[in-house]
Amino acid sequence: MRSRDRAAIPAPAHARLRPGVRLSGNRAGLASRQARRRAHPSAAAARRPDHLPFQQVRHRGPLDGGRGRSGSSVVRADLAAHLRQAGGETPARDVRLWSAVGNRPVPRPRSRSGRSSTAGGRRRGDSARVAPAIRRPRGDRRGCVHEPGLGAIGHAGTSCCFRPPFDILLEGATVRVSSASLLCWLLAGPLAAQDTSASGRPGPEARFRRLDLPAPTALRSANGAPGPAYWQQRADYVIRATLDTAIRSVRGEERITYSNNSPDTLRFVWLQLDQNLFNSDSRGFRVFGQDPRFGTKGAEVSVRLLKVGEPAVPRARGRAAAPAAALPYVVNGTLLRIDLARPLPPGGRQILELEWSFPFGANSNRMGLEDIDGATIYEVAQWYPRMAVYDDVRGWNTEQYMGQGEFYLEYGSFDVSLTVPADMLVAATGTLRNPDEVLTAAQRARLARARTSAETVVIRGKNEIGSSDSRPPTQDPSLTWRFTADSVRDFAWAAARHFIWDAVGVNGGKTLAMSFYPPSAEPQWKDATQYAKTAIEYYSTQWSPYPYPYASNVNGIEGGMEYPMIVFCRNRTDPHALYSVTDHEFGHTWFPMVVGNNERLHGWMDEGFNSFMNHYSFPRKFPDAPLPSSRGVQETYLKNAVSGDEQRIMSPADRMRSNENWRQALYNKPAVGLVLLRDQITSPERFDPVFREYIRRWSYKHPAPADFFRTMEDGLGEDLSWFWRSWFYTTERLDQAVDSVAISDSAGVISRVYLRNAGAMPMPVELALLMDDGTTQRLRLPVEIWGLGDRYTALVPGPRKVSGVIIDAEGLYPDVERANNRWPAAGAPSKPARASGRR
Ligand SMILES: [Zn+2]
């Protein structure tokens, strides 16, 4: 994980620390909770085990009344059926505690004197205060954490000790421990009270400790927003390029105006030559070979630099005139370093002039050529030398392009002139500036009509392909199409002789959605423009308005790839798949086209966020179809999580060992996590405005992971360190368990539901309870219960008694082991124990 690897490097000197700016840690929150309890007598009363913790548990009442979710009656029936299957109908008193772990009876609670304290023994009232969790021999408190008063409700153990036998006061019952295995079972929680247990598993302290993010600076604020001193470089491009269809090559010249807004003087600059991946000498070939999706496909091509220099520099105050000159440069794989003739000071501008050419070759990596229907579709991307990003986090970002990891680019403007054979149609990033020269009058009229039309308007139809009437009259063998774009970070284009072209107005005509496809794709692609309209209008309403005047979708060889205002989608056979890829690629407008993260290092910040958005978009179009597998789907995440090969989300794309790991870590798992955060851990009402604020804060900027984490915490009002750490930084898994249920009734009926966090990942707990009168209840427990130990006892007030329990009955959380989510376990007796009173 790069950001952690680099954490030891001090922040740049210009990243001035703001003294005293620190987010509060968990400890502060803990202390304030203690103070509140001291201040309010009712809080002290709540510490009594049988004083029901109404502040801590949210009773949703009968399932039908809970959150308005569907399926409640199903849950009730399921619980009842499960209870019957387990062999019990109604709870009965029993002196044994049944453990779900191996279905072994827990030894009878005994008094410290060894007498039974249950049925045959003397019992105290259940209203007794909760006992200190564990008593242990003197002198054996090494490493123990003991916070009486904090574990008031139900924590069976928040301390540790090792030498049996000793007594445990378990929720009012005193247990004589004599079994080593039982000891291990009971002390799983206490051990976890430390930062890390002997097994290496993180304890509650480690799980909930404040996430160790880079220190806030004047550039990046503690609340996650760009700081007052935030700066960003800018790159403005003027490009003229010619497509040679005879040799399948493009040749171009470009003029880059590079604005140094950093506080640093630059003596050289780095550019990206991504096409240098496509040969058998490249690093990407050595790492990934030629066959994977992003492999080289046997191509043996690279960028040929014809000129690297700067134009003549006029004399200015403090600067002598200089003639146009070549600049020395070094090519390092897919990177190009150009040494400047003069240092580029803060606030200065450097103009670079380059000429280059490259043949397309056999590659089909995020671009490429397809011969279909008697002609060729050119999808052209990563096709010109592009400025690498110089930022406040890492200086020059010089990761090689190896295929799997995508891009990190500066914002700026483009003025691009593309000269192609006169009979070709061109789709590109930006606004077409010379429609009079490259389109017919009829086509221009249709385009104008499409902008205000809700129905798709054909601009060039299938029956017009090959007709001279569908191209403007010209004697020249070629035409030049000129496009301009602002506030974009890249420029891509496509060209073919046989494109069908249609369009429709989006967002009230503010944007024109267009599709370009070959004749054989028409049966499915005649719907593609409406797909684009549906997706873009949904995202515009839900998150933020689509900011650009055009949105073009091109059907060619590339399976699915996003660029500003233009995407490439391949599917021609399946409406669900075509909608899904169209939805996804246009979703990239928000991430990373507008919110411009470093994709090569943090692919989850664009693929994951986009997949999260797709999770809600796809069902709006196809409510009865299953979600595509990487759009926040728990099942595929779980499969990867238990595979033994899962990799952390915070891993660069080029470190992914398999296609499935890449798909999970960059796309699906981040999406599953954000869906959890939005729909379960918080709520759409709380989450959505904050996610919009993240987009607003970082539009056309370069957020780092910490900026996202902080922005979300800032707006949600939550310390989510436990969530970011567990979900994004580790491959920990969620496994919640219900071990047993006990009933006590000396001071009113109380059902005690013994819960355990069997996995390392903390999450809130959703309980569905079947009561002995056949009714059901819901109980939601906050994630903070796991901050004190791995065990927790949920108390359910009578007079009804709990006769069955399911954790997360609706499968909302990604629990890797659901067999232990039920009590009674299948085939086990269903009789709850009768909990004894504390002596
Ligand atoms: Zn994507």
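Our subject is the structure listed above.
Report follows, based on the coordinates. (Residues numbered from 1 in each chain as written. Predicted model: local features only at pLDDT ≥ 70, side-chain atom pairs only at ≥ 80, totals over all residues. Heavy atoms only, no water.)

## Here we look at the nonpolar core
So, step 1. Of all hydrophobic cores here, the largest spans 186 residues; its most connected members are W383, W493, F708 and L755.
So, step 2. Grouped together as the second largest cluster of nonpolar side chains are seven residues, A653, M656, A665 and L666 included. (Core = buried A, V, L, I, M, F, W, Y, C linked by side-chain atoms within 4.5 Å. Buried < 20%, exposed > 50% of the residue type's maximum accessible area, 1.4 Å probe, protein only.)

## Structural notes on the coordination of the zinc ion
So, step 1. Summarising the metal site, the zinc ion is bound by the protein donors H584 (NE2), H588 (NE2), E607 (OE) and E607 (OE), whose distances to it range over 1.9 to 2.7 Å.
So, step 2. Written as a sequence motif, the donor residues of the zinc ion are H-x3-H-x18-E. Residue H588 is found in the loop between α12 (575–587) and α13 (589–594), and its partner E607 is found in helix α14 (residues 607–621); the two are separated by 19 residues along the sequence.
So, step 3. Residue E607 is classed as buried on the basis of its relative accessible area, which comes to 2%. (Donors = N, O, S within 2.8 Å, 3.2 Å for Na, K, Ca; no water. Helix = DSSP H or I, 4+ residues; strand = E, 2+ residues; numbered from the N terminus.)

## Brief notes about the pairing of strand β20 (residues 425–428)
Working note: regular strand, side chains alternate between the two faces of the sheet.
So, step 1. Side chains L425 and A427 project from β20 onto one buried face, and the interleaved V426 and A428 project onto a second face that is buried too.
So, step 2. Sheet analysis places β20 next to strand β24 (residues 493–496), joined by four bridges and oriented antiparallel. Looking across to β24, one finds that V426 is bridged to A495. (Pairing = 2+ DSSP bridges.)

## Structural notes on the pattern of salt bridges
So, step 1. Within the structure shown, the criterion is met by 43 salt bridges.
So, step 2. In this structure, R220 engages D392 in a salt bridge whose closest nitrogen and oxygen atoms are separated by 2.8 Å. With a gap of 172 residues between them, R220 in the loop between α6 (204–208) and β6 (234–244) and D392 in the loop between β17 (390–391) and β18 (395–396) connect regions that are remote in the sequence.
So, step 3. A residue is classified by how much of its surface remains accessible, and R220, at 9% relative accessible area, is buried.
So, step 4. Between R697 and E693 there is a salt bridge, with its nearest N and O atoms 2.9 Å apart. Of the two residues, R697 and E693 are both situated in helix α17 (residues 684–698); the distance of four residues between them amounts to about one turn of the helix.
So, step 5. Taking relative accessible area as the criterion, R697 reaches 11% and is therefore assigned buried.
So, step 6. Look at E693 and you get partly exposed, because its relative accessible area is 23%.
So, step 7. Each member of the salt-bridge network shares a partner with another, and the members are D274, R386, D490 and R600. (Salt bridge = Lys/Arg side-chain N within 4 Å of Asp/Glu carboxyl O.)

## Considering α14
So, step 1. Spanning 15 residues, α14 covers 20 Å between terminal C-alpha atoms, matching the ideal 21 Å at 1.5 Å per step.
So, step 2. For α14, the principal kink sits at N614 and spans about 30°.
So, step 3. Turning to α14, its buried residues number three or more, namely E607, G608, F609, N610, S611, F612, M613, N614, H615, Y616, S617 and F618. (Expected span 1.5 Å × (residues − 1). Bend = angle between axes of the 7 residues up to and from the residue.)

## Quick word on the sheet that holds strand β34 (residues 791–797)
Two strands in a sheet stick together by hydrogen bonds in their backbones, pointing the same way (parallel) or opposite ways (antiparallel).
So, step 1. What the four strands build is an open sheet, ordered β34-β31-β30-β37; its pairing is mixed. In this open sheet, the two strands that pair with only one neighbour each are β34 and β37 (833–834).
So, step 2. Strand direction decides the pairing type here: strand β30 (residues 736–744) and strand β31 (residues 750–757), joined by eight bridges, are antiparallel. Within β31, the position partnered with S744 by the bridge is I750.

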